[in-house]
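For reference, the chains in residue letters:
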Amino acid sequence: MSRKLVLRRSPIHGNGVFAACDLPAGTRLVRYRGQLRSHSEVDDCYGGDYDSGHTFLFTLNDEYVVDANVGGNIARWINTSCEPNCEAVIVEDPKGRRAHDRIFIETIKPVRAGEELTYDYGITLDEPHTPRLRKIWACRCGKKRCTGTMLRPKRKRAS
Ligand SMILES: C[S@@+](CC[C@H](N)C(=O)[O-])C[C@H]1O[C@@H](n2cnc3c(N)ncnc32)[C@H](O)[C@@H]1O
Ligand SMILES: [Zn+2]
């Protein structure tokens with residue numbers, strides 16, 4: 001396991017990942033690992049289960065999802081925040097093989113030892129973000145500018 005990261009209980013939710021040492025901005029911390037699955041496989045397996053408010057799925061690209069329920073590493077315990085100190089960076093395969101794209105979690109600001117690491121999940125659901133779903137996906141990041149939900153506005157389609 002990375003010496004930069006510590007897994008422990010989080011005030012935000014369940015388990016979280018914390019900085020084991022001071023980290024400068026732009027530090028690549030960990031790859032988000034898990035089983036590579038197609039969107040349709042994931043839909044069949046988890047069937048649009050939006051009511052749990054819990055996910056270990058990460059959309060890699062328009063073909064694949066990384067399912068950290070299977071073969072996931074410490075990255076799957078990183079919580080989300082409305083004022084994150086990390087971001088998820090998708091590194092595309094130089095040969096264009098979508099299955100070889102990779103996700104890395106990197107700091108976007110200096111982080112002090114002991115701080116919880118977070119990135120914005122940027123979750124958008126296929127169905128409308130009703131008040132009920134916004135509540136199921138309530139955000140408890142505790143930041144001043146918390147939007148109150150982990151769901152992010154859907155991008156408007158170009159007409
Ligand atoms: C990838 S897991 C992160 C690990 C999680 N803390 C756990 O112990 O399972 C993602 C889930 O954690 C919870 N979570 C993460 N960030 C949260 C936040 N800011 N507010 C509320 N719940 C959060 C949600 O249930 C979310 O679907
Ligand atoms: Zn929040």
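Residues numbered from 1 in each chain as written. Chains lettered and ligands numbered in written order. Predicted model: local features only at pLDDT ≥ 70, side-chain atom pairs only at ≥ 80, totals over all residues. Heavy atoms only, no water.

1. A few points about the coordination of the zinc ion (ligand 2)
- Looking at the zinc ion (ligand 2), the protein donor atoms are Cys82 (SG), Cys139 (SG), Cys141 (SG) and Cys146 (SG), and they sit 2.3 to 2.4 Å from it.
- Seen from the zinc ion (ligand 2), its four donor atoms lie at angles of 104 to 114°, and the figure they make is tetrahedral.
- Counting gaps between the donor residues of the zinc ion (ligand 2) yields the pattern C-x56-C-x1-C-x4-C. Within this pair, whereas Cys82 is found in the loop between strand S7 (79-80) and strand S8 (86-91), its partner Cys139 is found in the segment after helix H2 (131-136), the two being separated by 57 residues in sequence. Neither residue differs from the other here; Cys82 and Cys139 are each classed as buried. (Donors = N, O, S within 2.8 Å, 3.2 Å for Na, K, Ca; no water. Tetrahedral: all angles 85-135°; square planar, octahedral: opposite > 155°, others 65-115°. Helix = DSSP H or I, 4+ residues; strand = E, 2+ residues; numbered from the N terminus. Buried < 20%, exposed > 50% of the residue type's maximum accessible area, 1.4 Å probe, protein only.)

2. Quick look at the site of ligand 1
- Around ligand 1, a shell composed of 20 residues is seen, among which His13, Asn15, His54, Asn79 and Arg140 lie nearest.
- The contact in question runs from a nitrogen atom of ligand 1 to an N or O atom on the side chain of His13, over 2.8 Å.
- Thr55 has a polar backbone atom sitting 2.9 Å from an oxygen atom of ligand 1.
- Taken by itself ligand 1 offers 560 Å² of open surface, and the protein chains cover 95% of this.
- In terms of residue class, the shell around ligand 1 is built from 10 nonpolar, eight polar and two charged. (Near = heavy atom within 4 Å. Polar contact = N/O pair within 3.5 Å; in protein donor to acceptor, adjacent residues only side chain to side chain. Areas by Shrake-Rupley, 256 points an atom, 1.4 Å probe, with all protein chains shown as cover. Nonpolar A, V, L, I, M, F, W, Y, C, P; charged D, E, K, R; others polar.)

3. A short note on the sheet that holds S8
- In space, the three strands of this open sheet follow the order S3-S9-S8, with antiparallel pairing throughout. For this open sheet the edge positions go to strand S3 (28-31) and S8, each flanked by a neighbour on one side alone. Here the average twist between neighbouring strands, direction ignored, is 30°.
- Examined bridge by bridge, S3 and strand S9 (residues 102-107) share three bridges and lie antiparallel to one another. By the bridge assignment, Arg31 is partnered in S9 with Phe104. (Pairing = 2+ DSSP bridges. Axes fitted to C-alpha atoms, helices over the stretch in contact; angles between N-to-C directions.)

4. Some remarks on the pattern of salt bridges
- Applying the stated criterion across every chain yields a total of eight salt bridges.
- Notably, a salt bridge pairs Asp120 with Arg152, separated by 3.1 Å at the nearest N-O pair. With Asp120 in the loop between strand S10 (118-119) and H2 and Arg152 in the segment after H2, the pair connects residues that are 32 residues apart, well separated along the chain.
- The class of Asp120 is partly exposed, set by a relative accessible area of 34%.
- Residues participating in the shared-partner salt-bridge network are Asp62, Arg98 and Asp101. (Salt bridge = Lys/Arg side-chain N within 4 Å of Asp/Glu carboxyl O.)

5. Quick look at the pairing of strand S2 (residues 15-19)
- For S2, the buried fraction is high: four of the five residues fall into the buried class.
- Between strand S1 (residues 5-9) and S2, which pair antiparallel in sequence order, lie five residues; one of them, Gly14, sits at a positive phi of approximately 45°.

Purely geometric numbers; function is a separate question.
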